[in-house]
Amino acid sequence: MLKPIRYYGDPVLRRPSRSVTRFDAELVQLAADMIETMHDDNGVGLAAPQVGVPLRLFVAGEYRLDDEGESEHVADYVMVNPEIVERHGSQKVQEGCLSIPGIYADELERDLCVTVRYLDLTGSERSVEAEGHFAQVIQHEYDHLEGVLFFDRLPEEQRRHFLEEHRAELARLQRLAKARLKELRGARPEKSRS
């Protein structure tokens, strides 16, 4: 089932998330819904806080270039309680976010390679080494679990310029976030699980 994505201005995007402690059918369904939502919105990653669930869980799609230079989907990962245990190299990337649609930061610095340790949906330990774009996606989604947005990673002067340049659009997203929260609270009380 598609989940409504929370927009910039929603407090859940700025709070560190809680560790997942229950590995059950509800968690499996949340992950499936997040993968469906991510693909429906043409995203490559989605963190649980982006759908209003303050848990340390994200989904990430891995893509590779085929022989014709077209991007092809390789796999979707579900990472529960992830921890980036190794980082090296550096890359400059353009980055955006499903919670801040239509706004991008150029020349954002990310690690070129990361190793992430995580639990799968059964609670089994896993790890993956990621490079390039996939490493970028993992770092972006991991930041969401810490309450960090991509533009927070810009150097101070660039961040101020970014916020000034996109002031009107960010204010519009804040109004949408407030309206969506009101709508969601009116529909049902938020359920908290760990």
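Our structure is the block above this text.
Please read these numbers as outputs of a predicted model, since none were measured by experiment. (Residues numbered from 1 in each chain as written. Predicted model: local features only at pLDDT ≥ 70, side-chain atom pairs only at ≥ 80, totals over all residues. Heavy atoms only, no water.)

Some points on the sheet that holds strand S3 (residues 71–88)
Filter applied, for reference: Two strands are counted as paired when DSSP detects at least two bridges linking them. Numbering of helices and strands runs from the N terminus, with a helix taken as a DSSP run of H or I at least four residues long and a strand as a DSSP run of E at least two residues long. Each axis is a line fitted through C-alpha atoms, taken for helices only over the stretch in contact, and angles between the N-to-C directions span 0 to 180 degrees. Residue contacts are defined here by distance: any two heavy atoms, one from each residue, within 4.5 Å place the two residues in contact.
Read across the open sheet, the five strands follow the order S1-S2-S3-S6-S7; overall the sheet is antiparallel. Pairing within the sheet leaves two strands with one partner each, and these edge strands are strand S1 (45–47) and strand S7 (125–131). If you compare each strand with its neighbour and ignore which way they point, the axes differ by 40 degrees on average. Direction of pairing for S3 relative to strand S6 (residues 113–119): antiparallel, over a ladder of six bridges. Its bridge partner lying in S6, Arg87 is registered against Val114. Along the sheet, helix H1 (residues 25–40) makes contact with S1, strand S2 (57–65) and S3, crossing S2 at roughly 45 degrees.

Quick notes on the packing of aromatic side chains
To be explicit about the condition: Note on aromatic contacts: the rings of Phe and Tyr and the six-membered ring of Trp form a pair at centre separations within 6.5 Å, being stacked when their planes are under 30 degrees apart, edge-to-face when over 60 apart, and tilted otherwise. Per-residue accessibility, obtained with a 1.4 Å probe over protein chains only, is compared with the maximum for each type, and a residue is labelled buried under 20%, exposed over 50%, and partly exposed between these values.
Across all of its chains, the model carries five aromatic pairs by this definition. Aromatic pair Tyr77 and Phe134: ring centres 5.2 Å apart, planes at 40 degrees, arrangement tilted. Pair noted here: Tyr77 is in strand S3 and Phe134 is in helix H2 (residues 133–145), with a separation of 57 residues, a long-range link. With relative accessibility at 18%, the residue Tyr77 sits in the buried group. Residues Phe151 and Phe162 carry aromatic rings whose centres are separated by 5.3 Å and whose planes lie at 25 degrees to one another, so their mutual orientation is stacked. Remark: Phe162 occurs in helix H3 (residues 156–165) and Phe151 occurs in the loop between H2 and H3; sequence separation between them is 11 residues. In this pair, the class of Phe151 matches that of Phe162, namely buried. Taken together, the aromatic side chains of Tyr8, Phe150, Phe151 and Phe162 make up a single cluster linked through ring pairs.

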